[in-house]
Amino acid sequence: DAKTTQPPSMDCAEGRAANLPCNHSTISGNEYVYWYRQIHSQGPQYIIHGLKNNETNEMASLIITEDRKSSTLILPHATLRDTAVYYCIVRVSGAGSYQLTFGKGTKLSVIP
Amino acid sequence: ETGVTQTPRHLVMGMTNKKSLKCEQHLGHNAMYWYKQSAKKPLELMFVYSLEERVENNSVPSRFSPECPNSSHLFLHLHTLQPEDSALYLCASSQFRQGGPYEQYFGPGTRLTVT
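Residues numbered from 1 in each chain as written. Chains lettered and ligands numbered in written order. Predicted model: local features only at pLDDT ≥ 70, side-chain atom pairs only at ≥ 80, totals over all residues. Heavy atoms only, no water.

**Q** Quick question: what am I supposed to make of the overall build of chain B here?
**A** Within chain B, the secondary structure is distributed over 0 helices and 11 strands. Overall, chain B shows an N-to-C arrangement of helices and strands of β-β-β-β-β-β-β-β-β-β-β. What you see for chain B is a C-alpha radius of gyration of 14 Å, in line with the 13 Å of a compact globule of 115 residues. When its C-alpha atoms are laid out on the principal axes, chain B stretches across 45 × 30 × 30 Å. Counting across all 115 residues of chain B, residues that qualify as buried make up 50%. Long-range pairs, those at least 24 residues apart, make up 53% of the contacts in chain B between residues at least 6 apart in sequence. Only carbon and sulfur atoms are counted for the fraction: they give 50% of the accessible area of chain B, which is about 5500 Å². In chain B, 11 positive and 10 negative side-chain charges are present, and the distance between their average locations comes to 8 Å. (Helix = DSSP H or I, 4+ residues; strand = E, 2+ residues; numbered from the N terminus. Rg over C-alpha atoms; globule rule 2.2 N^0.38 Å. Buried < 20%, exposed > 50% of the residue type's maximum accessible area, 1.4 Å probe, protein only. Contact = heavy atoms within 4.5 Å. Areas by Shrake-Rupley, 256 points an atom, 1.4 Å probe, with all protein chains shown as cover. Lys, Arg positive; Asp, Glu negative; His and termini not counted. Charge placed at Lys NZ, Arg CZ, Asp CG, Glu CD.)

In structure tokens, the structure reads:
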């Protein structure tokens, strides 16, 4: 699985958009980009995934650059409940280990 | 609510006790997982069941024994644990598709303390 790089922490004002970047410059053609988050002492929560195209669901949008070497998770209107550690994971699907490798992630603090 | 439930949410047990953790998924998935999360450590995959068959077992001590009676239920049987086994134990499920993406949905976890 390709390695990812994320900033260790970010702040965002409540009600504003939170843009969380992830660098995955060694990504290969069959690897998906997944985003999860973990609120303190709870289980990780799946947010969104994508391969090439931008994706949007009820929680967030995922913007993947054309060369696929980086992506941005966008929470359009951050609330205090969005304070969590956000993990960007790149992995091949459907083969090999089932292991989800969580790095250190980005600790997002939403400020009132 | 993710569709994955775990019981109990908190468990305190002595080193000589035997207990079981239970996980149930209501998502119609065909794969279930046990993870361990210790303080300030990354998530560690313990066991994977796909279509009720154990497909991955990552060198977990024998004092942890998984059981998957059907595709919706997963148990983790615990006996003669050590204090260092105190951690958050997480269950997850996914719909495995060969060659396709599969996201994992996690339960809330069981916070285990071994005294």
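The rest of the description comes next.
**Q** Would you mind going over the state of the cysteines with me for this structure?
**A** As used here, a disulfide is simply a covalent bond connecting the sulfur atoms of two cysteines. The final tally for this structure, using the stated rule, is 2 disulfides over all chains. With no disulfide partner, cysteine 12 of chain A has as its closest neighbouring cysteine sulfur the one in cysteine 22 of chain A, 18 Å distant. Among the residues examined, cysteine 12 of chain A registers a relative accessible area of 7% and is labelled buried. Cysteine cysteine 68 of chain B is unpaired, with the sulfur of cysteine 91 of chain B as its nearest cysteine sulfur at 9.1 Å. The exposure class assigned to cysteine 68 of chain B is buried, which follows from its relative accessible area of 11%. (Disulfide = S-S within 2.5 Å.)

**Q** Looking at this structure, how should I read the sheet that holds strand E3 (residues 31-38) of chain A?
**A** The strands making up a sheet associate through hydrogen bonds between their backbones, and the pairing can be parallel or antiparallel. All names here are of chain A. Here 5 strands make up an open sheet; going across it, the order is E1-E9-E8-E3-E4 and the pairing mixed. A single partner strand is all that each edge strand has here, and the edge strands are strand E1 (9-13) and strand E4 (45-50). Sheet twist, expressed as the average angle between the axes of neighbouring strands with direction ignored, equals 25°. Relative to strand E9 (residues 106-111), strand E8 (residues 84-92) runs antiparallel, the two being bridged by 3 bridges. Looking at the pairing, alanine 84 lines up with leucine 108 of E9. (Pairing = 2+ DSSP bridges. Axes fitted to C-alpha atoms, helices over the stretch in contact; angles between N-to-C directions.)

**Q** Please explain the layout of surface pockets as it appears in this structure.
**A** Any space left empty among the atoms is revealed by the rolling of a water-sized probe across them. A volume near 610 Å³ is recorded for the largest pocket. Forming the walls of the largest pocket are 22 residues, and the residues nearest its centre are Gln38 and Tyr87 of chain A together with Gln37, Lys40 and Lys41 of chain B. It is E8 of chain A that provides the largest number of residues to the lining of the largest pocket, a total of 3 residues. The residue inventory of the lining of the largest pocket, partitioned by class, reads 9 nonpolar, 8 polar and 5 charged. (1 Å grid on protein atoms, 1.4 Å probe; cavity = no way out; pocket = protein on both sides within 12 Å on 5 of 7 lines; lining within 4 Å. Points joined across faces, edges and corners; volume = space filled by probe spheres on them. Nonpolar A, V, L, I, M, F, W, Y, C, P; charged D, E, K, R; others polar.)

**Q** Any chance you could explain the side chain of asparagine 30 of chain B here in plain terms?
**A** Looking at the element boundaries, asparagine 30 of chain B is found in the loop between strand E3 (18-25) and strand E4 (31-37). Setting aside chain neighbours within four positions, we find asparagine 30 of chain B in contact with Tyr49, Ser50, Leu51, Ser94, Gln95 and Phe96 of chain B.

**Q** Teacher, can you tell me more about the interface of chain A and chain B here?
**A** Taken together, the 19 residues of chain A in the interface contact 27 residues of chain B. Our count for the contact surface shared by chain A and chain B stands at 0 salt bridges. Tallying contributions element by element places E3 of chain A first for the side of chain A that touches chain B, with 4 residues. The residue inventory of the side of chain A that touches chain B, partitioned by class, reads 9 nonpolar, 9 polar and 1 charged. (Salt bridge = Lys/Arg side-chain N within 4 Å of Asp/Glu carboxyl O.)

This is a description of form; function is not addressed.
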